[in-house]
Amino acid sequence: DTNALDAFKRIKRIDIYKQVPVIFVSAVRDYNHRVTCLEHEVDEFFFKPVNLKEFKMKVKFLLKRKIQTDRLLAEYMVTFDYATRDGLTGLYKRNYFLKCLDIEIKKIKRTKKCLSIMMIDIDNFKLINDDVGHLGGDAILSDVGKVISNNIREIDIAARYGGEEFIILLLNTEKLYASIIAQRIQFALLDLSLPSKLLSSIDKLTVSVGIADYPYSSKLPIDLINKADQMLYQAKKTGKNKVCLYDSQI
C-alpha cells in the first residue's frame, strides 16, 4: 500500500534500522526520483540493468562502513555508560539526572503535560552498614537499584542521588499515580533477602518516599526536587516506610 521511498522512511523511523544501509534498484530511469531518494539519505541508487561488479563493490563498501559504525557506536555506549551510570546500582548518576529533568521540563512547557519526582531513602541504612559493613551495605544498594529499575517504565529515569538516596523522574505522571509506583517499589523491597546478621535488627528492608509533581508543586527543577525532599523528610519524621505527597495548598 506504499511506494519504496515511503517504505524506506517508515523503516528508518525504527531505531534498530536507522544505521542499516539501503540500496535502491529501479527499472524506471527517473533521475528526479533518484535525486529525491538520495536527498532522503538512501545510501545508493542503481538503475537496471545493474553492473554486477559495481553493485558488489558498493555492497562490500556499505557493509564495511556499517561494521565500523557499529564498533564506534559500541565504544560510545561504553563511554556514555561510564560517564552517566552509577557503577554500584546501575542507575544514572545525579548530574545526568538533573540534565534530563531540565530537558523534560522544557518539553512540558510546550506540551502542557506533567511529570513527577520521587525521592527514595533507605530506612535505617546506618544500622545496616554498622551490622554488615560497607560491602554488605553496597550489596543492598545494588539490590535496591535493581528493584527500582524493574518497577518503572523504560521512559522513566532513575538515579542514585547520593549515599542511600535515590531519585526517579516519572514522565506524564501525576503524583497520585506516582504514589502507586512508590508503593509497588516498597512492596517489592519487602521480598528482598537480607543477610542473616541483619535479621536481629531489621527483618525487612523499607524505604521512605517523598513525591512532588510539575507544574503543580513547583515550576523550577531544583525547587521541585526540594519539595520532594521535604516530603521525604516528612515520611522519615512521621515513622518511616511511608509515601508522602507534596500538597501545593499547604
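Whatever comes next refers back to the structure up there.
Here's a quick rundown of the structure. Since this is a predicted model, take the numbers as computed values, not measurements. (Residues numbered from 1 in each chain as written. Predicted model: local features only at pLDDT ≥ 70, side-chain atom pairs only at ≥ 80, totals over all residues. Heavy atoms only, no water.)

Looking at the packing of helix α4 (residues 94-111) against helix α7 (residues 221-237)
Logical step 1: The interhelical angle for the contact between α4 and α7, taken along N-to-C directions, is 115 degrees, at an axis separation of 10 Å. Overall, the two elements α4 and α7 adopt an arrangement that is roughly perpendicular. The two elements α4 and α7 cross, and the hand of that crossing is right-handed. Along its contact with α4, which presents Leu-98, Leu-101, Asp-102 and Ile-105, the element α7 presents Pro-221, Leu-224 and Ile-225.
Logical step 2: Class assignment for the residues of the contact of α4 with α7 results in 6 nonpolar, no polar and 1 charged. (Axes fitted to C-alpha atoms, helices over the stretch in contact; angles between N-to-C directions. Helix = DSSP H or I, 4+ residues; strand = E, 2+ residues; numbered from the N terminus. Parallel < 35°, antiparallel > 145°, perpendicular 65-115°, else oblique. Left-handed = near helix turned anticlockwise from the far one by under 90°. Contact = heavy atoms within 4.5 Å. Nonpolar A, V, L, I, M, F, W, Y, C, P; charged D, E, K, R; others polar.)

Focus: the packing of aromatic side chains
Logical step 1: According to the stated counting rule, one finds 8 aromatic pairs in the structure shown.
Logical step 2: Taken together, the ring pairs connect Phe-8, Phe-24, Tyr-31, Phe-45 and Phe-47 into an aromatic cluster.
Logical step 3: The ring of Tyr-82 has Lys-93 lying over it, and the distance from NZ or CZ to the ring centre is 5.8 Å.
Logical step 4: For the cation-ring pair, Arg-94 lies above Tyr-161, with the distance from its terminal atom to the ring centre recorded as 4.0 Å. (Phe/Tyr/Trp six-rings, centres within 6.5 Å; stacked < 30°, edge-to-face > 60°. Lys NZ or Arg CZ within 6 Å of the ring centre and 35° of its normal.)

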